[in-house]
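# Architecture at a glance
Below are the chains, spelled out letter by letter.
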Amino acid sequence: MPRLSEVIAALDALWPPERAEGWDAVGTVCGDPDAEIDRVLFAVDPVREIADEALELGAQLIVTHHPLYLRGTTTVAADTFKGRVVHTLIKHGIALHVAHTNADTADPGVSDALAGALDLRITGPLVPDPTDPEGRRGLGRICELDHPETLADFAARAAARLPATAQGIRTAGDPEALVRTVAVSGGSGDSLFEAVRAAGVDAFLTADLRHHPASEAVQHSPLGLVDAAHWATEWPWCEQAAAQLDALSDRHGWDLRVHVSKQVTDPWTTHHSSGAPN
């Protein structure tokens, strides 16, 4: 079995920590570098449910997309929910490793997995990484559909192929407008509207669209907006990342058992359509 330090070195080669944004908190949160690893669990969120799932699986390593302590902390006391996660992991010898914005811009990255889940053909990054001479890395992806379809049909495609959440899929724009090209960005994407408009695409699929940026976007142009749950747009990366680690395990002869959590850790749990009663 490989040691944790060997597996982490392989993960860092896939998603170099130096490519994370300066405000981000990526890398190994806890874990003994010399501990042996034979089972790994991938998930979006480092929450208690995922720690418990790793314990039940007998996994020695959890890899999540979201950081546990994004803004730092002065305590890991077990009377806080994040501290309880840390205590659970350390007590049971489970390591935690995070790949966040360094996975967003990777090749392949979070948005490649999102595009793949929708069977979109990628033509390039939405916001290219200027340090990549091949022009493949960057934030978001510009994609083409094999055949044009209406915005309503494209939203239905997203609803059918992304994991189910309470939010589902929201759209803005003419539901009958034809969609041929799409920009996608896993996670919160309303800071990318300028790049989306510059790309000249017909629609933009992302998450966490706020009122004012979305309102301004639809006033600027006939751009169709497709807003999914944050967790749903990033979960496909877990399957992609697990497959990448599987390939590395085969190459190194590690015989790792790699799992992807199916637990929905999106914080929203119910949805009610609004409207005054008759």
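Our structure is the block above this text.
Residues numbered from 1 in each chain as written. Predicted model: local features only at pLDDT ≥ 70, side-chain atom pairs only at ≥ 80, totals over all residues. Heavy atoms only, no water.

A pair can form between side chains of opposite charge whenever their charged atoms are brought close. Counted under the stated rule, the structure contains 14 salt bridges. With a shortest N-O distance of 2.7 Å, R257 and D38 are connected by a salt bridge. Of this pair, R257 sits in strand β11 (residues 257-260) while D38 sits in the loop between β1 (27-30) and β2 (39-43); the two residues are 219 residues apart in sequence, bridging distant segments of the chain. Taking the relative accessible area as the measure of exposure, R257 reaches 39% and is therefore partly exposed. For D38, a relative accessible area of 16% translates into the label buried. For D190, the salt bridge identified is with R210, shortest N-O distance 2.8 Å. On the criterion of sequence distance, the pair formed by D190 in the loop between β8 (178-188) and α7 (193-199) and R210 in the loop between β9 (203-207) and α8 (211-220) is long-range, its members being 20 residues apart. Salt bridges sharing partners connect three or more residues here, namely R3, E6 and D34. (Salt bridge = Lys/Arg side-chain N within 4 Å of Asp/Glu carboxyl O. Helix = DSSP H or I, 4+ residues; strand = E, 2+ residues; numbered from the N terminus. Buried < 20%, exposed > 50% of the residue type's maximum accessible area, 1.4 Å probe, protein only.)

So, on to the environment of T105. As for its placement among the helices and strands, T105 is situated in the loop between α4 (101-104) and α5 (110-117). Each C-alpha atom of the pair T105 and W15 lies 8.7 Å from the other, and the pair is 90 residues apart in sequence. Those residues in contact with T105 that lie beyond four places of it in its chain are R19, R137, G138, L139 and R141. (Contact = heavy atoms within 4.5 Å.)

As a further point, take the nonpolar core. Counting 49 residues, the largest nonpolar core has W15, F42, L61, L205 and W237 as its most contacted members. Sort the elements by how many residues they give to this core and helix α9 (residues 230-252) lands first, with 9 residues. With residues up to four places along the chain from it excluded, the contact list for W237 reads W15, V63, T64, H65, A99, A103, G109, V110 and A113. Counting 15 residues, the second largest nonpolar core, distinct from the first, contains A43, I62, I94 and L96. (Core = buried A, V, L, I, M, F, W, Y, C linked by side-chain atoms within 4.5 Å.)

Turning our attention to the sheet that holds strand β10 (residues 224-228). Spatially, 6 strands are ordered β5-β6-β8-β9-β10-β7 in an open sheet, and the strand pairing comes out mixed. Every interior strand has two partners, whereas the edge strands, β5 (121-128) and β7 (170-172), have only one. For this sheet, the mean angle separating the axes of adjacent strands, direction not counted, is 25°. Sheet analysis places β9 next to β10, joined by 5 bridges and oriented parallel. By the bridge assignment for β10, A203 is matched with G224. Those strands touched by α9 are β8, β9 and β10, and its axis lies near 90° from that of β8. (Pairing = 2+ DSSP bridges. Axes fitted to C-alpha atoms, helices over the stretch in contact; angles between N-to-C directions.)

There is about 1100 Å³ of room inside the largest pocket. Mapped by element, the contributors of at least two residues to the lining of the largest pocket are α3 (81-91), α4, β8 and α9. With 4 residues, the single largest contributor to the lining of the largest pocket is β8. A breakdown of the residues in the lining of the largest pocket according to their chemical character gives 17 nonpolar, 16 polar and 11 charged. (1 Å grid on protein atoms, 1.4 Å probe; cavity = no way out; pocket = protein on both sides within 12 Å on 5 of 7 lines; lining within 4 Å. Points joined across faces, edges and corners; volume = space filled by probe spheres on them. Nonpolar A, V, L, I, M, F, W, Y, C, P; charged D, E, K, R; others polar.)

Let us now look at the packing of α5 against α9. Viewed as axis vectors pointing N to C, α5 and α9 meet at an angle of 100°, and their least axial separation amounts to 7 Å. Here α5 lies roughly perpendicular to α9, going by the angle between them. For the pair α5 and α9, contact is made by V110, D112, A113, L114 and A117 and by T233, E234, P236, W237 and Q240, respectively. Counted by class, the contact of α5 with α9 contains 6 nonpolar, 2 polar and 2 charged residues. (Parallel < 35°, antiparallel > 145°, perpendicular 65-115°, else oblique.)

So, on to unusual backbone geometry. Excluding glycine, a negative phi dihedral is what most residues carry, and trans is how most peptide bonds are arranged. Geometrically, the link from D107 to P108 is a cis peptide bond, its omega value of 0° lying close to zero. Tracing the backbone shows P108 in the loop between α4 and α5. We note that D119 has phi near 55°; this positive angle belongs to a residue other than glycine. Relative to the elements of secondary structure, D119 occurs in the loop between α5 and β5. Backbone geometry at D208 places phi at a positive 60°, although glycine is not the residue there. Within the secondary structure, D208 is located in the loop between β9 and α8. Exposure remark for D208: the relative accessible area of 32% places this residue in the partly exposed category.

By the definition in use, this model includes 0 disulfides. Looking at the unpaired C143, the closest cysteine sulfur is the one in C238, lying at 19 Å. Residue classification places C143 among the buried residues on the basis of a relative accessible area of 0%. With no disulfide of its own, C238 has C30 as its nearest cysteine by sulfur position, at a separation of 18 Å. In this structure C238 comes out as buried when scored by relative accessible area, which is 0%. (Disulfide = S-S within 2.5 Å.)

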